[in-house]
Amino acid sequence: MTQPQAILTDIEGTTSSISFVKDVLFPYARRELPKFVREHGGHPQVRHWLNQVADALGEDVPDDTLVLTLQQWIDEDRKDTALKALEGMIWEAGYRDADFTAHIYPDAARLLRAWHEAGIPLYVYSSGSVPAQKLFFAHSDAGDLTPLISGWFDTQVGPKRESNSYRKIAESIGLPAPQILFLSDVVEELDAAGRAGMHTALLDRLSDYPTPRSGLEVGKHQRVEAFDQIVFA
């Protein structure tokens, strides 16, 4: 493909290791959920998302039940918008208190900076909430990367495995989909972006996927093991 007019990137397994999310962020949110809901459950923004969880359960339940449900959803890695919003609020304290910094692959940080300097607008699309995404990039191992990012998208724009989500993103960015390159480690997401007309690249990092992906579905996407292997013809 020729140089894209914009690059849209996933986070987990793409710019950052899957293990950081699963071994650091998820356990932190799970552990802190009861205290967070106990102390902040009356805040309108928190209550809004807790009510969304109650609506999903279809019944009026106490906060203890909501907490148990959310913890179960964390264990299942459910891509629920309410869960992701609440996780982001909890992670904010972890970043603020320096309990952890967000893992960023060095090649991702280097190429994001290089693309930004080359004038290519960069966007993020993740199942994590937009506030969580901004915290992630602001408190990364490579420093504050948020100035590199022109826009942020989460599942409020739509599920990541549905092509219409990518059409909405292209419309929001203001570019035809074929002028946008989408980066992800999930083939089904890349398939959806491809159906919307975007160019795609599969991040197949050995540290995240010890057995490289292959087959006809993978063959539809440029497969790379690091950002600096992405080729613009």
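Treat the numbers as computed from the prediction; the structure is a model and nothing was measured.

### Notes on the side chain of lysine 160
Next, step 1: You can see lysine 160 is positioned in the loop between strand 3 (149-153) and helix 7 (163-173).
Next, step 2: Its relative accessible area of 7% is what places lysine 160 among the buried residues.
Next, step 3: Of the polar contacts made by the side chain of lysine 160, one reaches the side chain of aspartate 10; its length is 2.7 Å.
Next, step 4: Filtering out sequence-adjacent residues up to four positions away, lysine 160 remains in contact with Asp10, Tyr125, Ser126, Ser127, Tyr166, Glu189 and Ala192.

### Focus: the nonpolar core
Next, step 1: In terms of nonpolar packing, the biggest core is built from 58 residues, with Trp91, Tyr95, Trp115, Phe136, Phe137 and Leu183 touching the most fellow members.
Next, step 2: Tyrosine 95 has contacts with Phe20, Leu25, Phe100, Thr101, Ala102, Leu135, Phe136 and His139, leaving out every residue within four places of it along the chain.
Next, step 3: With 21 residues, the next largest nonpolar core counts Tyr125, Ile169, Val187 and Ala192 among its residues.

### Things to note about helix 2 (residues 44-57)
Next, step 1: Helix length check: helix 2 (14 residues) gives 20 Å between terminal C-alpha atoms against 20 Å at 1.5 Å per residue, within 8%.
Next, step 2: Among all positions in helix 2, only Val46, Trp49, Leu50, Val53 and Ala54 are buried. Buried residues of helix 2 fall within an arc of 150° about the axis and therefore sit on the same side. Among the exposed residues of helix 2, those oriented more than 90 degrees off its buried face are Pro44 and Asp55.
Next, step 3: Packing partners of the buried residues in helix 2 comprise helix 1 (18-40), helix 3 (63-76) and helix 4 (81-96).
Next, step 4: Positioned one or two residues after helix 2, glycine 58 has a phi angle of 75°, which is positive.

### A look at the pattern of salt bridges
Next, step 1: Counted according to the given criterion, the structure contains 17 salt bridges.
Next, step 2: Between aspartate 75 and arginine 30 there is a salt bridge; the shortest N-O distance is 2.9 Å. Here arginine 30 lies in helix 1 and aspartate 75 lies in helix 3, a separation of 45 residues in the sequence.
Next, step 3: Glutamate 189 serves as the salt-bridge partner of lysine 160, at 3.3 Å between the closest nitrogen and oxygen. Highlighted residues: lysine 160 in the loop between strand 3 and helix 7 and glutamate 189 in helix 8 (residues 187-195), separated in sequence by 29 residues.
Next, step 4: Since its relative accessible area comes to 8%, glutamate 189 is described here as buried.
Next, step 5: Each of Glu12, Lys22, Asp77 and Lys79 takes part in one network of salt bridges that share partners.

### Brief notes about the pairing of strand 3
Next, step 1: Counted residue by residue, strand 3 has four buried out of five residues, so it is predominantly covered.
Next, step 2: As judged from the four bridges shared by strand 2 (residues 122-125) and strand 3, these two strands associate in the parallel manner. Considered in strand 3, the bridge of leucine 122 is made with isoleucine 149.
Next, step 3: Of the crossover connections in this fold, the one passing from strand 2 over helix 6 (residues 130-138) to the parallel strand 3 is right-handed.

About the criteria used
- Residues numbered from 1 in each chain as written.
- Predicted model: local features only at pLDDT ≥ 70, side-chain atom pairs only at ≥ 80, totals over all residues.
- Heavy atoms only, no water.
- Helix = DSSP H or I, 4+ residues; strand = E, 2+ residues; numbered from the N terminus.
- Buried < 20%, exposed > 50% of the residue type's maximum accessible area, 1.4 Å probe, protein only.
- Polar contact = N/O pair within 3.5 Å; in protein donor to acceptor, adjacent residues only side chain to side chain.
- Contact = heavy atoms within 4.5 Å.
- Core = buried A, V, L, I, M, F, W, Y, C linked by side-chain atoms within 4.5 Å.
- Expected span 1.5 Å × (residues − 1).
- Arc of directions from axis to C-beta.
- Salt bridge = Lys/Arg side-chain N within 4 Å of Asp/Glu carboxyl O.
- Pairing = 2+ DSSP bridges.
- Right-handed = clockwise from strand over helix to strand, strands pointing away.

Geometry only, nothing functional implied.
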